[in-house]
Amino acid sequence: MPAQIHMEAPAASTELEIKSVLLVDDDKELAETLKELLEAYNFVVTVVGNGVEALHEVMSLDFDVIICDLMMPKMPGDMFYLAVQKTKPHLSRRFLFITGHADNPKVDGFLKSIDGLTMHKPVQTENLVRMIKRVLVRGQQDTAAE
């Protein structure tokens, strides 16, 4: 399925703090498009193509947001999430899942079991930024509760 991205120029940001995003998707074209888009919103974005590479990144750095595709080779998104949940549980609430498999029972069951934030492809810019903000607020609430 071709990547469809609706791009608009970002509004002037009043927030000076830079946030780091790990983008995990095996669709290289989509990942690069999303990376450029998010960088225009002042996010620092690291892109990897599967859960194995993503796990290496997570072990060396705590990301503010992890945007993760679910269906990928080597290690799919659900297995990557479960590995992060075991090794760095504080990062498990920082996930935003993106999938092109809206009616897959396995995907739906996994997302319901973890109460995961999800977007379906194609992704629109405004919605992606809005969902990232939800993940950031969720992460701040969890940090404050600790």
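Residues numbered from 1 in each chain as written. Predicted model: local features only at pLDDT ≥ 70, side-chain atom pairs only at ≥ 80, totals over all residues. Heavy atoms only, no water.

A. Region of the structure containing the sheet that holds strand S4 (residues 95-99). Read from one edge of the open sheet, five strands run S2-S1-S3-S4-S5, paired in parallel fashion. Of all the strands in the sheet, just strand S2 (43-48) and strand S5 (117-120) have a single pairing partner and so form its edges. Each strand axis lies, on average, 20° off the axis of its neighbour in the sheet, ignoring direction. Here strand S3 (residues 65-69) pairs with S4 via four bridges, running parallel. In the sheet register, Ile 67 faces S4, and the bridge partner there is Leu 96. Of the strands in this sheet, strand S1 (19-24), S2, S3 and S4 touch helix H1 (residues 28-40), which is tilted by about 170° from S2. Those strands touched by helix H3 (residues 77-87) are S1, S3 and S4, and its axis lies near 170° from that of S4. (Pairing = 2+ DSSP bridges. Helix = DSSP H or I, 4+ residues; strand = E, 2+ residues; numbered from the N terminus. Axes fitted to C-alpha atoms, helices over the stretch in contact; angles between N-to-C directions. Contact = heavy atoms within 4.5 Å.)

B. A look at the packing of helix H2 (residues 51-60) against H3. The interhelical angle for the contact between H2 and H3, taken along N-to-C directions, is 20°, at an axis separation of 10 Å. Classified by the angle between their axes, H2 and H3 sit roughly parallel to one another. Remark: the crossing between H2 and H3 carries right-handed chirality. Contacts between H2 and H3 involve Gly 51, Ala 54, Leu 55, Val 58 and Met 59 from the former and Phe 80, Ala 83, Val 84 and Thr 87 from the latter. When its residues are assigned to classes, the contact of H2 with H3 shows seven nonpolar, two polar and no charged. (Parallel < 35°, antiparallel > 145°, perpendicular 65-115°, else oblique. Left-handed = near helix turned anticlockwise from the far one by under 90°. Nonpolar A, V, L, I, M, F, W, Y, C, P; charged D, E, K, R; others polar.)

C. Here's a closer look at the pattern of salt bridges. Within this structure, the stated rule accounts for five salt bridges. Here Glu 39 and Lys 35 are joined by a salt bridge, their closest N and O atoms 2.7 Å apart. Residue Glu 39 and its partner Lys 35 are located together in helix H1, separated by four residues, close to a single helical turn. Residues Lys 88 and Asp 62 are paired through a salt bridge, measuring 2.8 Å at the closest nitrogen-oxygen approach. Linking Lys 88 in the loop between H3 and S4 with Asp 62 in the loop between H2 and S3, this pair joins segments that are 26 residues apart in sequence. For Asp 62, a relative accessible area of 35% puts it in the partly exposed group. The network of salt bridges with common partners includes Asp 25, Asp 69 and Lys 121. (Salt bridge = Lys/Arg side-chain N within 4 Å of Asp/Glu carboxyl O. Buried < 20%, exposed > 50% of the residue type's maximum accessible area, 1.4 Å probe, protein only.)

D. Region of the structure containing the pairing of S2. Taken together, the six bridges between S1 and S2 define a ladder with parallel strand orientation. Residue Val 24 lies in a different strand from S2, and its bridge partner there is Val 48. Handedness of the crossover is the feature at issue here: the chain leaves S1, passes through H1, returns alongside S2, and the resulting connection is right-handed. (Right-handed = clockwise from strand over helix to strand, strands pointing away.)

E. Structural view of the nonpolar core. Among the nonpolar cores identified, the biggest contains 23 residues, and Leu 22, Val 24, Ile 66, Phe 80 and Phe 97 are the most heavily contacted of them. Elements that contribute at least two residues to this core include exactly S1, H2, S3, H3, S4 and helix H4 (105-114). Those residues in contact with Val 24, other than ones at most four positions away along the chain, are Val 48, Asn 50, Gly 51, Ala 54, Ile 66, Ile 67, Cys 68, Asp 69, Met 72 and Phe 80. (Core = buried A, V, L, I, M, F, W, Y, C linked by side-chain atoms within 4.5 Å.)

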